[in-house]
Amino acid sequence: MKHIYTLLIVFLVATLQAYGQNDELFTVKGTVRNGANEAVVGAVVMLEGSDTTATVTDVDGTWTLRVPKRANLNISCLSYKTQTVSVNGRTVVDVVLESEQVELEEVVVVGYGSMKRSDITGSVTSVKVDEDKASRSGSIDQLLSGAAAGVQVVSNGGAPDSGMAIRIRGVGSFNSSAEPLFVVDGIIMNPPTSTERLLTQDAGDSDEESNGLLGINTQDIESMEILKDASATAIYGALGANGVVLITTKSAKKEKPVIRASVGVDVAHRYKKMDVLDFDEYVEYLQQVKPENLMYIYEDPANLEGLKVTPMDWQDYMMRPAVGQRYYFSIAGKPKTLSYNTSFGYTAREGIMKGTQVEQFTFKTNFKKTFGKKIDLGVNINFAHINSEMGQSASSSQISQSSSMIRSMLSYKPYINHVSTEEDDAYEDEDTSEDETFAASPDKWRTDFANRRAEFRITPSMYFEWKIAPWLIFKSTFGGDYKNNERTKFKTRKINRNENGSLGAIANIENLTYNFDNMLMFNRKLFGGHTLSGTLGMS
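This structure is a prediction, so every number in the text was calculated from the model and none was measured.

When pLDDT is averaged along the protein, the result is 80; 80% of the residues meet or exceed 70. Within the protein, no element has a lower average pLDDT than helix H1 (residues 2-23), which sits at 45, and none a higher one than strand S27 (residues 375-389), at 95. Segment residues 420-437 is flagged for pLDDT under 50; beyond a separation of four residues in sequence, or across chains, it makes 37 contacts in the model.

Set out below in structure tokens:
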């Protein structure tokens, strides 16, 4: 009997040791990858039955955790199926997660919040912003070009910061602006183009339209919605008569800081060379039409000998391959209850027309602070400084060589006269020869003309959002768009061939728009899968 008790005690001790060994913690490590053998970052590896023993995979998909030898682990990650594996005493556990395809109904931003696309009755087009195209685009209008049906974008000039004609579903007015309304993060922007006639004494003068959308870095844009019809634009009233472009800028998506940087160089060339008379063809034309004018070109007009001028190709003289450079840096993060996104941008672009260029510096930052689970407070600030050398356009009824550098380049005689000057640093053309209609040669536009613009722009805004209930939200937004333009323009008498002589002007132009919006939005699910939604607002 004594031997039997001894055997029972030994058996119980061995059993307790076995259970003790199973509960003993040891280190397990491994990797989490997907079906394409790519590392899954941010996957959660958790001990089954515990809410505290867990870890997250790093950028290489690796993880390390201390668990019992007979434990089960749950591995989960957004857009992947959750998987459970047994450790079974292994020190290395590698897991391959399967993708979980979940179709989400597209949500579209409208003037009074956001809606499911299936619930929208008006005409709304969503523009997906491609990162590569955004980095190459100098302004929002270039990003819109060719991106949406029914939207036309046409340049109004040859300078890199010249205005753009943007039309949504064609022209909606004969005697007023046909430009759409631009709204960035809920703030109504100044008009996309602006024209100020500085030299009022010159009847044929008309300034280049400047691009009012410069100052908003395209790489900061997350999405764009184009509201086309009256139903979609109703909340903006008469301001939205020509359509509305809603722009949402980027915000932080991940907890850890995400840094983005890009550098690029672009080279632009003229699309084609216009077919105009060269020097030999022009001489042939004079022989047939105005042979008496050959005396201004040759010492011996009869034999076409003794050249007194220098043949010129004005298109080659006035145009060039234009080089552009761009730099962009941003940092974004979402630690706990604070979200931030800050970016810097610098762009310098030459125009194809010599003497035209634009330089732009942008800074943008936004912060959002969450108080508890119901209140959000956010601040957005966008700053821009622009320096540009602009060209010269003219009204269609007054266009001439002295009012448009492009007209001068295309229609001026294909040569330049030899006249010695004390400086002897350039050719000087005596326009008293041959024909008085040749008033201003293209080289005068490069040496005796200036049209400069310096713009300071700031767009601050703030908003307060209160989730009164899961189905009821109140949001208040206040902000504005302020622009200050300093314009300088000068034309010497060598271009301005009239009784006024040389002309110059300096102007300081300010534009300010602001809006204060208060919205009470509700979206309540009812019986049978129905939904009741609406908005009560004041602006």
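Now that the structure is up, let's keep going.
Let us look at the pattern of salt bridges. Overall, the coordinates contain 14 salt bridges when judged by the stated rule. In this structure, Arg 270 and Asp 316 form a salt bridge, with 3.0 Å as the shortest nitrogen-oxygen distance. Here Asp 316 lies in helix H6 (residues 314-318) and Arg 270 lies in the loop between strand S20 (258-268) and helix H5 (279-289), a separation of 46 residues in the sequence. Residue Glu 455 pairs with Arg 453 through a salt bridge whose shortest N-O separation is 2.6 Å. Judged by relative accessible area, Arg 453 falls into the buried class, the value being 3%. Residues joined by salt bridges that share partners form a network here, namely Arg 270, Lys 273, Asp 313 and Asp 316.

So, about the sheet that holds strand S13 (residues 181-184). The 5 strands lie next to each other as S10-S18-S19-S13-S14, forming an open sheet whose pairing is mixed. If you trace the sheet from one side to the other, it starts and ends with strand S10 (124-128) and strand S14 (187-188), each paired once. Here strand S18 (residues 221-227) pairs with strand S19 (residues 244-249) via 6 bridges, running antiparallel. Residue Ser 223 lies in a different strand from S19, and its bridge partner there is Thr 248.

Along the polypeptide, Pro 191 turns up in the loop between S14 and strand S15 (193-194). It is 9.6 Å that separates the C-alpha atoms of Pro 191 and Thr 513, two residues lying 322 residues apart in sequence. Excluding its chain neighbours within four sequence positions, the residues that come into contact with Pro 191 are Gly 212 and Lys 483.

In space, the 4 strands of this open sheet follow the order S3-S2-S5-S6, with antiparallel pairing throughout. What marks the edges here is a single partner per strand, and that holds for strand S3 (54-56) and strand S6 (83-86). Recorded for the sheet is a direction-independent mean angle of 20° between the axes of neighbouring strands. Bridging between strand S5 (residues 72-76) and S6 involves 4 bridges; their strand directions are antiparallel. Paired with Ile 75 across the strands is Gln 83, a residue of S6.

Further remarks concern a negative patch on the surface. Judged by side-chain charge, Asp 275, Asp 278, Asp 280, Glu 281 and Glu 284 come together as a negatively charged surface patch. Following the sequence through the fold, Glu 284 ends up in helix H5.

Turning next to the nonpolar core. Core analysis: the biggest nonpolar cluster contains 22 residues, and Ile 140, Leu 144, Phe 182, Met 224 and Ile 247 have the highest contact counts within it. Those elements giving two or more residues to this core turn out to be helix H3 (140-144), strand S11 (151-155), strand S12 (164-168), S13, S18 and S19.

Right, let's get into the pairing of S13. Covered by surrounding structure in S13 are Leu 181 and Val 183 together with Phe 182 and Val 184, the residues of both alternating faces. Of the strand pairs in this sheet, S13 and S19 are connected by 4 bridges, and their pairing is parallel. Bridged to Val 184 within S19 is Ile 247. Remark: 2 residues form the turn of the hairpin made by S13 and S14, two consecutive strands paired antiparallel; Asp 185 in that turn has positive phi of roughly 50°.

Reading the values: the criteria
Residues numbered from 1 in each chain as written. Predicted model: local features only at pLDDT ≥ 70, side-chain atom pairs only at ≥ 80, totals over all residues. Heavy atoms only, no water. pLDDT = per-residue confidence, 0-100. Helix = DSSP H or I, 4+ residues; strand = E, 2+ residues; numbered from the N terminus. Contact = heavy atoms within 4.5 Å. Salt bridge = Lys/Arg side-chain N within 4 Å of Asp/Glu carboxyl O. Buried < 20%, exposed > 50% of the residue type's maximum accessible area, 1.4 Å probe, protein only. Pairing = 2+ DSSP bridges. Axes fitted to C-alpha atoms, helices over the stretch in contact; angles between N-to-C directions. Patch = residues over 30% accessible without salt bridge, like charges linked within 9 Å, V, L, I, M, F, W, Y side chains within 5 Å. Areas by Shrake-Rupley, 256 points an atom, 1.4 Å probe, with all protein chains shown as cover. Lys, Arg positive; Asp, Glu negative; His and termini not counted. Charge placed at Lys NZ, Arg CZ, Asp CG, Glu CD. Core = buried A, V, L, I, M, F, W, Y, C linked by side-chain atoms within 4.5 Å.

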